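In case you want the letters, here they are:
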Amino acid sequence: MNQVIIILFAQAGYDRAAQGVAGAGRRLAGELGAQLHAVVTGSPDEAMQSAVAAVADAVTVADDVALASYHPELYLQALTQICQAHQPQAVLLSNDFYSQELAPRLAHRLGGSAVADGLALHVHNGAIRVNRSVYGGKAMATIELKRSPAVIWLRSRAFDPAPASETSATINQATLDLSSETPTRLTERKVEASEEARLEDAKIIVSGGRGLGGPEPFKELQKIADILGAQMAASRAACDSGWVPPSWQVGQTGKKVAPGLYVAIAISGASQHLAGMSDSKCVAAINIDKDAPIFKHCRFGIVEDYRKVVPLLIERLAALKA
Amino acid sequence: MALNIIVCVKQILDPEIPSRDFRVDNEKHEAVRGSANLVTNIFCENALETALQLKEKSGGKITAVTYGAESAEDSLRKALAMKTDAAVHILNDGNLHPDALSVAKVLAAAIRKIGDYDLIMVGRESGDWGVGQTGGLLAEELGLPSVSFVDTIEVSDDGVNLKRQTDVGFDRFAAKTPLVVTITNDDHNVPRIPKTRDIMMSSRQPLAKWTLADLGVNTDEIRAGNGYYEVVELFIPVKETNCEFVDGDTLEDKVDKLAQRIIEVTGAM
């Protein structure tokens, strides 16, 4: 039977990104009349195994000791071998750095085509088409993949999770033949932001820009974020000025996010910034300049000095949440 | 160990062009240039900067390579002004927005023709189409290992030590050369501004011009540039541009409305 393979990393668990990939895979499998096959690399815990078995029709776990942590060449070898054995029509991944590194090379080894950062998938006359944002979010393109399999990494939060079924798929172990030596050797893996969820996975983001004028106001923005259960972000100007860590940067040269709500405070909305957040489902802005481009992307906003708005907003939000 | 470094660069439409000036050609599926500038893709400039710093520390030779229209020569002249040692322009006389595999095949053929290389560097993605595949496909075409999102490179005894960004921190690798890396931006690789004198000099420096025929690639396939994927539609999405400015008699009233709207949206999630 035809297959859609989704690739998940055990280390990440069945997180929101993985759920989005599974959701996209389930709908694409439905359109293609194909089976949804989840491939998990590494050693998934029981919670992940049962969650994946409940959404997929088949599960393969690649639990080789060499795959305990991510390595580009070894993961590529393993996934190539598994995909070759099952001849899928499509292979879906999330848009984390490791998946982005793997996808084009995997497509090449399988004789297929790859496309980046998909926002929607559909089948047209038997061919798989992907909608994606281009020119820094200023335009949308529909891309048709010309070779099979179609290897696509997805802006996974843009996809609803897959429904879980009553029945559980059988979990098979992959049989692999991996090289014992690789030309690249991992010497250190540093996790700096383990406590924080990924900005790309945030449901709500509170973001500050150049107009804040310094690092201090971010403490006030943090209060808004705490009340809403939001994550903090910033524009390039604020990161380049050293007010907040570079990992907070949203934009063309930073993170690309699409939360349910993006609150832009003292951010004018330069192309660079819009490229990272214009796919947000709802944008709200506080800006002193009514002509600021950010308002063109807003559902609602307020034209006022943030210094006057923020203290009142903290008070009102706290009262409404209480 | 002094390395022979090849840096692949791409010329693109200035990504800073404001949305209000941005138009697309619905038939050709490409952006209308209008009065916008053509610039070197920022991540390619980060790659050039990384290469130049590596050379300053450990010696070596840097060759900048581009596959593009006549105008792409400007990106190579700028690379020469930044002090790369050589430049190669493969003229694209076919589809000006070829798919990623066509680009990788052309670059791989050019790199084989250059012959002597230890490290191949490309930007992580471009600021126009953001395809993000040139590095990975190039590695496969050349049969080389690859590491993406690299921001720091140092020469070691038998290759290079790399630091690359991940979603949650960073990885370090000890890698043997030859190797393909994709470069991302970091505090350390902000591209240098060439000196006026070097810009003047760069216009007189030798610059190799190759055609697809010189590379022994399948020219029909490469010129068509759509055997891997094809753009079937390009459009400017209609956004909800009607921003509702919260109203009220006093600032307190307005902020109260703002807070209520925020709670409505978050409550519906």
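Residues numbered from 1 in each chain as written. Chains lettered and ligands numbered in written order. Predicted model: local features only at pLDDT ≥ 70, side-chain atom pairs only at ≥ 80, totals over all residues.

(A) The arrangement of the overall build of chain A in detail. Tallying secondary structure elements over chain A gives eight helices and 16 strands in all. By the compact-globule yardstick of 20 Å for 322 residues, chain A fits well, its C-alpha radius of gyration being 21 Å. Within chain A, the fraction of its 322 residues that count as buried is 58%. Considering only residue pairs separated by 6 or more positions, chain A has 66% of its internal contacts joining residues 24 or more positions apart. (Helix = DSSP H or I, 4+ residues; strand = E, 2+ residues; numbered from the N terminus. Rg over C-alpha atoms; globule rule 2.2 N^0.38 Å. Buried ≥ 20, exposed ≤ 12 C-beta atoms within 10 Å, placed from the backbone. Contact = placed C-beta atoms within 7 Å.)

(B) A look at the overall build of chain B. Tallying secondary structure elements over chain B gives seven helices and 15 strands in all. If you line up chain B on its principal axes, its C-alpha atoms span 70 × 45 × 40 Å. Pairs at least 24 residues apart make up 71% of the contacts formed inside chain B by residues separated by at least 6 positions.

(C) Fine view of the interface of chain B and chain A. Counting from both sides, the interface comprises 70 residues of chain B and, opposite them, 71 residues of chain A. Residue assignment for the side of chain B that touches chain A shows that the elements contributing at least two residues are helix H4 (134-142), strand E9 (146-155), strand E11 (169-176), strand E14 (229-235), strand E15 (244-245) and helix H7 (251-267) of chain B. In terms of residue count, H7 of chain B provides more of the side of chain B that touches chain A than any other element does, 13 residues in total. Here the residues of the side of chain B that touches chain A sort into 38 nonpolar, 16 polar and 16 charged. Across six bridges, strand E8 (residues 139-145) of chain A lies against E14 of chain B in antiparallel orientation. Looking at E14 of chain B, one finds that Ala141 of chain A is bridged to Leu234 of chain B. (Nonpolar A, V, L, I, M, F, W, Y, C, P; charged D, E, K, R; others polar. Pairing = 2+ DSSP bridges.)

(D) Representation of the domain arrangement of chain A. Under the domain assignment, chain A is made up of domain 1 (3-173) and domain 2 (199-321). Inter-centroid distance (C-alpha atoms) of domain 1 of chain A to domain 2 of chain A is 32 Å. (Domains from an automatic or database assignment.)

(E) Broad picture of helix H8 (residues 306-321) of chain A. Taking 1.5 Å as the rise per residue, H8 of chain A with 16 residues should run 22 Å; its terminal C-alpha atoms sit 21 Å apart, in good agreement. Within H8 of chain A the residues assigned to the buried category are Tyr306, Val309, Val310, Leu313, Arg316 and Leu317 of chain A. Against helix H5 (217-228), strand E14 (261-265), strand E15 (283-287) and strand E16 (300-303) of chain A together with H7 of chain B lie the buried residues of H8 of chain A. (Expected span 1.5 Å × (residues − 1).)

(F) Layout of the pairing of strand E7 (residues 127-134) of chain A. Residue and element names in this part refer to chain A. Most of E7 is tucked away: six of the eight residues are buried. Pairing of strand E6 (residues 120-124) with E7, which is carried by five bridges, proceeds in the antiparallel orientation. In the strand pairing of E7, His124 is matched with Ala127. Adjacent in sequence and paired antiparallel, E6 and E7 are bridged by two residues, among which Asn125 carries a positive phi angle near 50 degrees. As paired strands, E7 and E8 are joined by six bridges and run antiparallel to one another. Bridging across to E8, Arg132 finds its partner in Ala141. Counted along the chain from E7 to the antiparallel partner E8, the turn is four residues long, and its residue Tyr135 has a positive phi close to 50 degrees.

(G) Structural view of the sheet that holds strand E11 (residues 184-191) of chain A. With respect to topology, ten strands assemble into an open sheet ordered E11(A)-E11(B)-E10(B)-E9(B)-E12(B)-E8(B)-E1(B)-E6(B)-E7(B)-E13(B), the strand pairing being mixed. Edge positions in the sheet fall to E11 of chain A together with strand E13 (208-210) of chain B, since each has one partner strand and no second. On average, adjacent strands in this sheet sit at an angle of 30 degrees to one another, irrespective of strand direction. Bridge count for strand E1 (residues 3-8) of chain B against strand E8 (residues 119-123) of chain B is three bridges, and the pairing is parallel. (Axes fitted to C-alpha atoms, helices over the stretch in contact; angles between N-to-C directions.)

(H) A look at the sheet that holds E6 of chain A. With antiparallel pairing, four strands are arranged side by side in an open sheet as E6(A)-E7(A)-E8(A)-E14(B). Strands at the two margins of the open sheet, each flanked by one partner only, are E6 of chain A together with E14 of chain B. The sheet shows a mean angle of 30 degrees between the axes of neighbouring strands, direction not considered.

(I) Structural view of the environment of Asp21 of chain B. Residue and element names in this part refer to chain B. Mapped onto the secondary structure, Asp21 falls in the loop between strand E2 (11-13) and strand E3 (24-25). Take Asp21: there are 11 C-beta atoms within 10 Å of it, and that puts it in the exposed class. It is 9.6 Å that separates the C-alpha atoms of Asp21 and Val32, two residues lying eleven residues apart in sequence.

(J) Structural detail: the environment of Trp243 of chain A. All names here are of chain A. Mapped onto the fold, Trp243 is located in the loop between helix H6 (236-240) and E14. On the neighbour-count criterion, Trp243 (20 C-beta atoms within 10 Å) is buried. The contacts of Trp243, once residues within four sequence positions are left out, are Gly214, Pro215, Phe218 and Ala238.

(K) Broad picture of the nonpolar core. Counting 137 residues, the largest nonpolar core has Val52 and Ile152 of chain A together with Val7 and Leu107 of chain B as its most contacted members. With ten residues, helix H3 (residues 100-114) of chain B is the largest single contributor of residues to this core. In this structure, Val250, Val257, Val263 and Ala285 of chain A belong to the second largest nonpolar core, which totals 55 residues. (Core = buried A, V, L, I, M, F, W, Y, C linked by C-beta atoms within 7 Å.)

(L) Representation of the packing of H3 of chain B against H4 of chain B within the structure. All names here are of chain B. The geometry of H3 relative to H4 is characterised by a closest axis approach of 8 Å and an angle of 50 degrees between their N-to-C directions. As the angle between them shows, H3 and H4 are arranged oblique. Considering the relative orientation of H3 and H4, their crossing is right-handed. On the side of H3, the interface is formed by Ala100, Leu101, Val103, Ala104, Lys105, Leu107, Ala108 and Ile111, while H4 contributes Thr134, Leu137, Leu138, Glu141 and Leu142. (Parallel < 35°, antiparallel > 145°, perpendicular 65-115°, else oblique. Left-handed = near helix turned anticlockwise from the far one by under 90°.)

(M) Fine view of H3 of chain B. Residues and elements named next belong to chain B. Under the 1.5 Å per step criterion, the end-to-end length of H3 is 21 Å for 15 residues, consistent within 8% with the ideal 21 Å. For H3, the buried fraction is high: twelve of the 15 residues fall into the buried class. Burial in H3 covers these residues: Ala100, Leu101, Ser102, Val103, Ala104, Lys105, Val106, Leu107, Ala108, Ala109, Ala110 and Ile111.

(N) How the structure looks around unusual backbone geometry. All names here are of chain A. Here Ser148 and Pro149 are connected by a cis peptide whose omega angle stands at 5 degrees. Backbone geometry at Ala266 places phi at a positive 55 degrees, although glycine is not the residue there. Along the chain, Ala266 turns up in the loop between E14 and helix H7 (271-277).

(O) Geometry of the pairing of E11 of chain B. In this sheet, E11 of chain B lies alongside E11 of chain A in antiparallel orientation, the contact comprising seven bridges. What sits directly across from Thr184 of chain A, in E11 of chain B, is Ala175 of chain B. Pairing between strand E10 (residues 159-165) of chain B and E11 of chain B: seven bridges, direction antiparallel. Within E11 of chain B, the residue paired with Arg164 of chain B across the bridge is Asp171 of chain B. Where E10 of chain B folds back onto E11 of chain B in an antiparallel hairpin, the turn is made up of three residues.

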